[in-house]
Amino acid sequence: MRAQHKPLRHFLSIEQLDQATLSHLFEITDTMIDSDMRTIKKIPLLQGTTVTSLFFEPSTRTRTSFEIAAKRLSADYLNLSIENSSASKGESILDTLYNLQAMQTDVFVIRHSVSGMVEHLSQYVAPHVHLINAGDGSHAHPTQALLDMYTIRHHKKSFPGLKVAIIGDVIHSRVAKSQIQALKLLGVQDIRAIGPTSLLPDHLDAQGVTVHHHLQEGLKDVDVVITLRLQRERFANPAVPTAEMYFRDYGLTTAALAHAKPDAIVMHPGPMNRGVEIVSEVADGPQSVILQQVTFGIATRMAVMAYLMGHNHANETNYF
Amino acid sequence: MRAQHKPLRHFLSIEQLDQATLSHLFEITDTMIDSDMRTIKKIPLLQGTTVTSLFFEPSTRTRTSFEIAAKRLSADYLNLSIENSSASKGESILDTLYNLQAMQTDVFVIRHSVSGMVEHLSQYVAPHVHLINAGDGSHAHPTQALLDMYTIRHHKKSFPGLKVAIIGDVIHSRVAKSQIQALKLLGVQDIRAIGPTSLLPDHLDAQGVTVHHHLQEGLKDVDVVITLRLQRERFANPAVPTAEMYFRDYGLTTAALAHAKPDAIVMHPGPMNRGVEIVSEVADGPQSVILQQVTFGIATRMAVMAYLMGHNHANETNYF
Amino acid sequence: MRAQHKPLRHFLSIEQLDQATLSHLFEITDTMIDSDMRTIKKIPLLQGTTVTSLFFEPSTRTRTSFEIAAKRLSADYLNLSIENSSASKGESILDTLYNLQAMQTDVFVIRHSVSGMVEHLSQYVAPHVHLINAGDGSHAHPTQALLDMYTIRHHKKSFPGLKVAIIGDVIHSRVAKSQIQALKLLGVQDIRAIGPTSLLPDHLDAQGVTVHHHLQEGLKDVDVVITLRLQRERFANPAVPTAEMYFRDYGLTTAALAHAKPDAIVMHPGPMNRGVEIVSEVADGPQSVILQQVTFGIATRMAVMAYLMGHNHANETNYF
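Predicted model, so just to flag it, every value in this text is computed and none were measured.

Reading guide: rules and limits
- Residue indices begin from 1 for each chain and proceed along its sequence in written order.
- Here every chain gets a letter starting at A, and every ligand a number starting at 1, in the order they are written.
- Owing to the predicted nature of the model, reporting of local features is limited to residues with pLDDT of at least 70; listing and counting of side-chain atom pairs is limited to 80 or more, with chain, interface and lining totals taken over all residues.
- For the side-chain quantities, the full set of heavy atoms in the structure was used; hydrogens and water were omitted.
- Between the N-to-C directions of two axes lies an angle of 0 to 180 degrees, each axis being a line fitted to C-alpha atoms and, for a helix, fitted only over the stretch in contact.
- Each helix is a run of DSSP H or I of at least 4 residues and each strand a run of E of at least 2, with the numbering of both proceeding from the N terminus.
- By definition, turning the near helix anticlockwise from the far helix through less than a right angle yields a left-handed crossing, and turning it clockwise yields a right-handed one.
- Contacts between residues were defined by any pair of non-hydrogen atoms, one from each residue, lying within 4.5 Å.
- Amino acid classes used here: Ala, Val, Leu, Ile, Met, Phe, Trp, Tyr, Cys and Pro are nonpolar; Asp, Glu, Lys and Arg are charged; the rest, including Gly, are polar.
- Least-squares superposition of the copies uses the C-alpha atoms of those residues scoring a pLDDT of at least 70 in each of them.
- Here the buried area means the combined drop in accessible surface, using a 1.4 Å probe, for two parts upon being joined, counting both sides.
- Counted as salt bridges are all cases of a side-chain nitrogen of Lys or Arg within 4 Å of a carboxyl oxygen of Asp or Glu.
- For the purposes of these results, a polar contact is taken to be a pair of N or O atoms within 3.5 Å, where, inside protein, one atom must be able to donate a hydrogen and its partner to accept one; residues adjacent in sequence count only when each atom of the pair is a side-chain atom.
- Three labels apply to residues, based on accessible area from a 1.4 Å probe with only protein chains included: buried if under 20% of the type maximum, exposed if over 50%, partly exposed otherwise in between.
- In this analysis, strands are considered paired if DSSP registers two or more bridges between them.
- Delimitation of the domains relies on an automatic or database domain assignment.

**Points about the packing of helix 5 (residues 142-156) of chain B against helix 11 (residues 290-308) of chain B**
Residues and elements named next belong to chain B.
Then comes step 1: Running from N to C, helix 5 and helix 11 cross one another at 115°; their axes reach a closest spacing of 8 Å. Helix-helix and strand crossings are classified by hand; for helix 5 and helix 11 the assignment is right-handed. On the side of helix 5, the interface is formed by Thr143, Gln144, Leu146, Leu147, Asp148, Tyr150, Thr151, His154 and His155, while helix 11 contributes Gln292, Gln293, Phe296, Gly297, Thr300, Arg301 and Val304.
Then comes step 2: Looking at the contact of helix 5 with helix 11 residue by residue, the classes come out as 5 nonpolar, 9 polar and 2 charged.

Below is the structure:
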């Protein structure tokens, strides 16, 4: 059955989505994965389409995931290293974008250190061009949240009734912000943020998120445990505990995980600091779905690109 | 009808072209563009061909344009970053070239800071190999000139009788040198160079180019206005005016442009210094064809590659 | 006729090969080359397969050769620049590998400065993943040795009875170590290492390699002359002769080469220091097969990738 939602032109944040669109994206993602749930298909859906990645911040994981996704859809993929680019000749971001648009780019995948930058740029591009936010400042990382939700859905089937804990540097994390929005949109009512005061934003409770400063307490009976990467540069702030102290209080160990439900899944957006926010025993253990997130990430990004390019009905063609 | 010219093996400069070859390249370019004149086709003409770009100077715009062009022709495209290459292990350019030739490169796209370098290299490559000059020192940038001429032809239909003004740093500009050669070859008799003495070469008049030191006077009644990028490093020369002074005297404003014909087109090879050589009102205004140059650049480079690889008859196959 | 050997999962060193596998790889390589022996075919054998190169040391030649080989087999090719990667965010090599594996990489091409690193990593990857050693420390460079043997076989037809001289920095050379293993496996009994004491390892004679400190003496009547690159950083060691002294004693000149058989072939793994280990007259002369090594390198790497992916019978499909 066809959803009655208005199709999106850009993929900027979880906030712009409604529940029907989210479900619909899950269904398209399903079709990108083979029945073994481990292999991503290769399909000619975006043949002749040019996807350009514009990363103004370094990234391997996300950029590579989009590159593989674009190639699996048979698109032409262009990777712009901004360090060596016209940007260094003083050209504005907007002029760079206009030029690549004039060079037939259909989809831009953009990461930038300034919050709101991708939405800002979206006001200026031509009608046939689609932007995907691959992370802007501390604002949003919607494809990461989408792949995380897809992973939860794969293991837990439905969202209402779930208890989800997010541990760590929520205040600086665009991933956490997008995850919280997505969880709420999907009807999760018990969302918990666990960490020291210095790493949690104010007003989380006003957003319906319960704050916990004790790890074991926060993990009690949860279905999903999401640990966040603790950026090393945070330790420069004297209010933030040292890596050792952080690990002692918030490091996800087997003992701590025992407070969650026995079938709780463990997630991490990567790259991991083993021994800081998570121990290897858990990261590589039976409850970890961390590498599955990576595999589903490709299928999710394929789905977003296909959707934006107008292939938005799961039963439209035999590729789905 | 088939042109009676001798086919070129390399694309080194405008000087090596005759008028028939130029017309012929325009015709091939036409076939690379869809009837809407905004979309570049994807065709399998160079399937199995390897195109390698060797840029010894940084570039985004030109390199990316060639990359998209090669991929639109279904070639395998190899982008060599010379900074990380064997060049840093002391290998000579020629040995690098010989090796890539032995690795089945068919077409090399080369940019180098030394004038004449690409022509020099062309004496050493194997008979089946084709070189394209993507800019050598201050000598030539023939594919840029070709796309510029194609853009002029698109808007003005024929060349004789046109008045064309080139504003700015002509003395250091390989673009301007190639443009002047192309305009003369196409029969343009009124070519004007506008700028301060320090940025114009001697003997322009001997080449049939009129020199103007006053912008408004030089723009009077022209059909085509080409502004050049003013490299920031030029300002180190005390004979060159500051950016502010340059803008006051030679910046292309709406008021200055009013001296040209009402249907004059405005061109710039990019990247632009807005507020130095051109104001945004003109760069983004109705007379600007700057982004169209970028789109036509891809089609032009596809045409040059196809032509060199022997697909040199506009009606040869159904791809044209 | 089908060889009775156990198929390899990874390509880590020449030591793991038996003679039948080596012959078999030569036969697959034969099928990758057109009958003119100069052109590499383009075939859809690895369509849908993802090949990822992970180079922790700079390289143009080898990385490019693998890239072209992968694309000639129609694989999706991913080139990871480790400098800009998650490695810089403190992620371990193994986590990087696990992530790329979760992103559907089938074949990894790995170069690392630590001897034994690729074999070490091979213990951790998933069953469907294949690793190719593209050079580890001073330990091994098996695809280089394989292409070298293929080149010798092409010119000399069979190996027993051949006399082969390797000149230069054998002690630091992973290429030389892999070559010696391959030559012995193929039945070559007269292998000679020529160079100053400071550049030759101990116990070469225990490996069946004759040591020579005089170039002319060592080259006497040989069928194959392999010169090695002399890394500039070696000259920092006071025991190593200067470039001038090295050239005088071990530089391969026309006069020195005259001591070899008249039909001896000259090889070099590249990149060459002309005027140090070899003169241009020899490097570019009629006995040189240096650039043919480069061409055969692509075919050899195609063969290795195809073999590892299970296309291991030369008569299996019509692509062979």
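**Structural notes on the relation of the copies chain C and chain B**
Then comes step 1: Of the transformation superimposing chain C on chain B, the axial component is 0.0 Å and the angular component is 120°, with the fit at an RMSD of 0.0 Å. What the superposition gives is, in effect, a three-fold axis relating one chain to the other.

**Some points on the interface of chain C and chain B**
Then comes step 1: The partner chain B presents 18 residues to the 24 residues of chain C that form the contact.
Then comes step 2: Looking at the side of chain C facing chain B, the largest losses of area belong to Thr60, Arg61 and Arg72 of chain C, adding up to 24% of the total buried there.
Then comes step 3: Between the two partners, chain C and chain B, sit 2 salt bridges.
Then comes step 4: At the boundary of chain C and chain B, one finds 9 residue pairs in polar contact (both at pLDDT 80 or more).
Then comes step 5: If you list the elements that add at least two residues to the side of chain C that touches chain B, you get helix 2 (61-72) and helix 11 (290-308) of chain C.

**Concerning the pairing of strand 1 (residues 50-55) of chain B**
All names here are of chain B.
Then comes step 1: The element strand 1 is largely enclosed, with a buried count of 6 among its 6 residues.
Then comes step 2: What you see with strand 1 is no split at all: Thr50, Thr52 and Leu54 on one side and Val51, Ser53 and Phe55 on the other are buried throughout.
Then comes step 3: Where strand 1 meets strand 3 (residues 107-112), 5 bridges bridge the pair, whose relative direction is parallel. Bridging across to strand 3, serine 53 finds its partner in valine 109.

**Here's the deal with the domain arrangement of chain A**
Many structure descriptions define interface size as the accessible area lost when the parts assemble.
Residue and element names in this part refer to chain A.
Then comes step 1: Parsing chain A into structural domains produces domain 1 (14-140 + 297-308) and domain 2 (142-293).
Then comes step 2: Relative to domain 2, the C-alpha centre of domain 1 lies at a distance of 26 Å.
Then comes step 3: On the domain 2 side, the residues contacting the 29 residues of domain 1 number 24 residues.
Then comes step 4: Overall, the association of domain 1 and domain 2 removes approximately 2,300 Å² of surface from exposure, summing both partners, and the carbon and sulfur fraction of that is 63%.
Then comes step 5: Taken together, the connections running from domain 1 to domain 2 amount to 2 salt bridges.
Then comes step 6: If you look at where domain 1 meets domain 2, you find 7 residue pairs in polar contact (both at pLDDT 80 or more).
Then comes step 7: Of all the elements in the fold, those that place two or more residues in the side of domain 1 that touches domain 2 are helix 1 (19-32), helix 2 (61-72), strand 3 (107-112), strand 4 (130-136) and helix 11 (290-308).
Then comes step 8: With 6 residues, helix 1 is the single largest residue contributor to the side of domain 1 that touches domain 2.
Then comes step 9: Among the residues making up the side of domain 1 that touches domain 2, the classes are represented as 11 nonpolar, 10 polar and 8 charged.

**A closer look at the sheet that holds strand 8 (residues 224-227) of chain B**
Within a sheet, each strand pairs with its neighbour through backbone hydrogen bonds, oriented either parallel or antiparallel.
Residue and element names in this part refer to chain B.
Then comes step 1: The strand order across the open sheet formed by 5 strands is 7-6-5-8-9, and the pairing between neighbours is parallel. Either end of the sheet is taken by a strand with one partner, and the two such strands are strand 7 (209-212) and strand 9 (265-267). In this sheet, neighbouring strand axes are inclined to one another by 20° on average, regardless of whether the strands run parallel or antiparallel.
Then comes step 2: By the bridge criterion, 4 bridges tie strand 5 (residues 163-167) to strand 8 in an arrangement that is parallel. Within the sheet, the bridge partner assigned to valine 164 lies in strand 8 and is valine 224.
Then comes step 3: Docked against the sheet, helix 5 engages strand 8 and strand 9, running at close to 170° with respect to strand 9.

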